[in-house]
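Coordinate inspection notes
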Amino acid sequence: MPRIRTVALVAGVALLTRRALRRRIETSPLWPLPALEEPISGQPRSRALRLRVARHETVADGVVQLRLEGTDLPPWQPGAHLDIVLPSGLVRQYSLCGDPEDSSSYTVATRLIPADQGGRGGSREVHEQLGEGAEVEVRGPRNRFPLADAASYVFVAGGIGITPILPMLRAVEASGARWRLLYGGRSRASMPFLEEVEKLGGAGRGQVTVVAEDEAGLPDLAAFLDGTPQGAAVHVCGPEALMDAVDAVLPDGCSLHLERFTPRTSTDGNAAFEVELRRSGRTVAVAADTTVLAAIRAELPNTAYSCQQGFCGTCQQRVVEGEIDHRDELLTDDERADSMLICVSRARGERLVLDM
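Residues numbered from 1 in each chain as written. Predicted model: local features only at pLDDT ≥ 70, side-chain atom pairs only at ≥ 80, totals over all residues. Heavy atoms only, no water.

**Examining the overall build of the protein**
Definition in use: Only DSSP runs of H or I with at least four residues qualify as helices, and only runs of E with at least two residues qualify as strands; both kinds are numbered from the N terminus onward. For the exposure calls, accessible area comes from a 1.4 Å probe over protein chains only, and a residue counts as buried if that area is under 20% of its type's maximum, exposed if over 50%, partly exposed in between. Working rule for contacts: check all heavy atoms of both residues, and any pair within 4.5 Å makes them a contact. Areas reported as accessible are Shrake-Rupley estimates using a 1.4 Å probe. Residue values count occlusion only from the protein chains shown.
Scanning the protein from terminus to terminus reveals 9 helices and 18 strands. Taken over 356 residues, the protein has a buried fraction of 43%. Excluding contacts between residues fewer than 6 apart, the proportion of contacts in the protein whose partners are at least 24 apart in sequence is 65%. As displayed, the protein offers around 18000 Å² of accessible surface, 49% of which is attributable to carbon and sulfur atoms.

**With respect to the layout of surface pockets**
Leftover empty space is mapped by rolling, across the atoms, a probe with the size of a water molecule. Selection criterion: Cavities and pockets were defined on a 1 Å grid built over protein atoms only: a cavity is a set of grid points that admits a 1.4 Å probe from which the probe cannot escape, a pocket is an open set flanked by protein on both sides within 12 Å along at least five of seven lines, and lining residues are those with an atom within 4 Å of any such point. Grid points are joined across faces, edges and corners, and a volume is the space filled by probe spheres set on the points. Here the nonpolar group is Ala, Val, Leu, Ile, Met, Phe, Trp, Tyr, Cys and Pro; Asp, Glu, Lys and Arg are the charged ones; every other residue, Gly included, is treated as polar.
Space inside the second largest pocket adds up to approximately 230 Å³. Together, 18 residues line the second largest pocket, and Gln 65, Cys 97, Thr 107, Arg 170 and Phe 193 are the ones closest to its centre. Listed by contribution, the elements that provide at least two residues to the lining of the second largest pocket are strand E1 (48-60), strand E2 (63-69), strand E5 (105-111), helix H3 (162-175) and helix H4 (194-201). Looking at side-chain class alone, the lining of the second largest pocket contains 6 nonpolar, 4 polar and 8 charged residues.

**Some thoughts on the packing of H3 against H4**
Rules: Lines fitted to the C-alpha atoms define the axes, with helices restricted to the stretch that makes contact. Angles between their N-to-C directions range from 0 to 180 degrees. What sets the label is the angle itself: under 35 degrees gives roughly parallel, over 145 gives roughly antiparallel, 65 to 115 gives roughly perpendicular, and the rest give oblique. Helix crossings are classified by the rotation of the near helix relative to the far one: an anticlockwise turn of less than a right angle makes the crossing left-handed, while a clockwise turn makes it right-handed.
Contact pair H3 / H4: the axes reach a minimum separation of 11 Å and the direction vectors enclose 25 degrees. What the angle tells us is that H3 and H4 run roughly parallel. Handedness of the H3/H4 crossing: left-handed. Here Ile 162, Leu 166, Leu 169, Arg 170 and Glu 173 of H3 come into contact with H4, specifically with Glu 196, Val 197 and Leu 200.

**Focus on the nonpolar core**
As a reminder of what qualifies: Remark: nonpolar core denotes a set of buried residues (Ala, Val, Leu, Ile, Met, Phe, Trp, Tyr, Cys) joined through side-chain atoms within 4.5 Å.
Phe 155, Ile 162, Ile 165, Leu 169, Trp 179, Leu 181 and Tyr 183 are the most contacted members of the largest nonpolar core, which has 27 residues in total. Residue assignment for this core shows that the elements contributing at least two residues are strand E7 (152-158), H3, strand E8 (178-185), H4 and strand E10 (233-237). Ranked by the residues each element gives to this core, the list is headed by H3, at 6 residues. Beyond its immediate chain neighbours, meaning those up to four positions away, Trp 179 contacts Tyr 153, Phe 155, Leu 169, Val 172, Glu 173, Leu 200, Gly 201, Gln 207 and Val 208. Membership of the second largest hydrophobic core comes to 24 residues, among which are Ala 295, Ile 296, Leu 300 and Leu 352.

**What about the pairing of strand E13 (residues 282-286)?**
Filter applied, for reference: Criterion used throughout: strands pair if DSSP finds at least two bridges between them.
Bridging between strand E12 (residues 273-277) and E13 involves 5 bridges; their strand directions are antiparallel. Bridged to Glu 274 within E13 is Ala 285. Counting the residues between successive antiparallel strands, the hairpin from E12 to E13 contains 4 residues, one of them, Gly 281, with a positive phi of roughly 70 degrees.

**Describing the sheet that holds strand E14 (residues 316-321)**
Read across the sheet, 5 strands follow the order E13-E12-E18-E14-E16 without closing on themselves; strand pairing throughout is mixed. Both outer strands of the open sheet, E13 and strand E16 (339-341), are each paired with one neighbouring strand and no more. The sheet shows a mean angle of 40 degrees between the axes of neighbouring strands, taken without regard to direction.

**Considerations on the packing of aromatic side chains**
The geometry of an aromatic ring pair comes down to the distance between the two centres and the angle between the two planes. Operational definition: Two rings from Phe, Tyr or Trp (for Trp, the six-membered ring) form a pair when their centres are within 6.5 Å of each other. A pair whose planes differ by under 30 degrees is stacked, one over 60 is edge-to-face, and the rest are tilted. By the criterion adopted, a ring carries a charge over it if an Arg CZ or a Lys NZ lies within 6 Å of its centre and within 35 degrees of its normal.
Counted according to the given criterion, the structure contains 1 aromatic pair. Between the aromatic rings of Tyr 153 and Phe 155, the centroid separation amounts to 6.0 Å while the plane-to-plane angle is 5 degrees, which identifies the pairing as stacked. Exposure class is identical for Tyr 153 and Phe 155. Each is buried. Note that Arg 180 overlies the ring of Phe 224, its terminal NZ or CZ placed 4.3 Å from the centroid.

**Quick word on the pattern of salt bridges**
Stated precisely, the cut-off is as follows: We count a salt bridge whenever a side-chain nitrogen from Lys or Arg sits within 4 Å of a carboxyl oxygen from Asp or Glu.
Enumeration according to the criterion identifies 24 salt bridges in this entry. Glu 135 is the partner of Arg 50 in a salt bridge, and the nearest nitrogen-oxygen pair spans 3.6 Å. Of this pair, Arg 50 sits in strand E1 while Glu 135 sits in strand E6 (residues 135-142), and the two are 85 residues apart along the sequence. The class for Glu 135 is exposed, based on a relative accessible area of 54%. Residues joined in a network through salt bridges with shared partners are Glu 274, Glu 276, Arg 278, Glu 321 and Arg 351.

**Notes on the confidence of the model for the protein**
Put simply, the rule reads: Confidence per residue, as judged by the predictor, is encoded in pLDDT with a range of 0 to 100.
For the protein, the mean per-residue pLDDT works out to 85, and 84% of the residues sit at or above 70. For the protein, helix H1 (residues 2-27) is the element with the lowest average pLDDT, namely 47, and E2 is the one with the highest, namely 98. Predicted confidence is poor over residues 6-11, with pLDDT under 50, and the contacts of this stretch with residues over four places away or in other chains come to 0 contacts.

**Overview of the sheet that holds strand E11 (residues 255-259)**
The sheet built from 5 strands is open, its strands ordered E9-E8-E7-E10-E11 with parallel pairing. Each end of this open sheet is capped by a strand with a single partner; those strands are strand E9 (208-212) and E11. The mean angle between the axes of side-by-side strands here comes to 15 degrees, regardless of whether they run parallel or antiparallel. Sheet topology note: the E7/E8 ladder contains 7 bridges and is parallel. Each residue of the ladder has a partner; that of Tyr 153, found in E8, is Trp 179. Those strands touched by H3 are E7, E8 and E10, and its axis lies near 155 degrees from that of E7.

**Points about the environment of Glu 198**
Quick reminder of the rule: Whenever two N or O atoms come within 3.5 Å, that pair is a polar contact, provided that in protein one can donate a hydrogen and the other can accept it, and provided that, for residues adjacent in sequence, both atoms are side-chain atoms.
Examined against the element boundaries, Glu 198 turns out to sit in helix H4. Residues Glu 198 and Tyr 183, spaced 15 residues apart in sequence, show a C-alpha to C-alpha distance of 9.8 Å. Contact partners of Glu 198, with chain neighbours within four places excluded, come to Arg 188 and Val 210. A distance of 3.4 Å separates the side chain of Glu 198 from the side chain of Arg 188, its partner in a polar contact.

Dropping the structure here:
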C-alpha cells in the first residue's frame, strides 16, 4: 500500500507540473529558452521602494514639489534622480532637489507640461493624482549627472532644470569652492526655488544671474561664459536648445556636464534594418519610422518596457552581433559594449542580433 500511494503521489505531481508548464508556455512566447548565464534583458536596475507623499505643494507657476517619506532610504549625491512609477504605470524620472543628509525623505519637483506642448501625461498625474497621503513606488536613486571634481564651477539652469543643480549649489557653497549660476526662465513667477538660489549667491557677490524672458529676453550665454577659467566644470540642465547653445560657446579648457530627460537625437537619421532574436529563432524588420521595441513587441508582446525614453533601463537587451547606435542616457560605457536600450537605440548597419 505505501508503494502504491507513493506512485500515485508522484504521478499526480507530474500531471500538475505538466499543466503548469503548458500554461507557462502559452503565456510566454520566449519560454522555454536555453540555459544561459543570468541575462541582462528586462532586469530592473534597482530595487523598488514604496513611499508616502507627505507634502504636495506649489513652488512656482505650474510647478509642484513632492516630499516622499520612508525610512532608512538609500543615500544619494547631488545630480541624482528617482524613477517614479505613476498610478497609470508610466515611469518618469525626476531629479532630487532636497537634502542628501535626510535619510527619511526624498524631494522632487515637476512642471506641468500640457499635451499641446509635448506632454505625455506623466506630469499631469503627478500634479493631479499624487496628493498628500498617496503611496507611490520609486526606484533608485541613480546618478548620471554627478557633480564634477573641479577647482571652480559654472552652472546654467533653464526653468525646471534648476532641480538637479540646486543641491550642487548648496554643496559647492558649503565647500567654499568658486561658482557662478545663470538661471533662466519664462518669468520669475515660473522659476522654482528662485528665492533660495538668490540667497545662496548672497547680496552683491554677483554669483547668481537671473534672466526672465518676459523681462530681458533670452540670456547671452557667450557673455556669461566669457572669462570662465580653464579647468572649470560647466553643469547644464534645461531644454535641449539651451544645452546645445552652451556647448556651442563653451570656453576652451572647460568640461561640459549635461542632464537630459528627452532621448538624444542622432545626426545620422533613421534607416531600416532587421533584428534577429537568436534564442526565439525569429527575425523582425525595423522600419525607419519605428523603434526596435515596437517591432519586437509586434512579435513578442510580453517584451518588458516602461519609459520608452531611454532612461529607466527596463528594456535593456544583450546584443550578440552588430554595431549599435546608442541613443540612451543611461548605460555605462561597459554596458554599451554588449547591450542596448531597444526603446531608443538602433543599428548602425543593416542587422543586429539580440539575446532574446
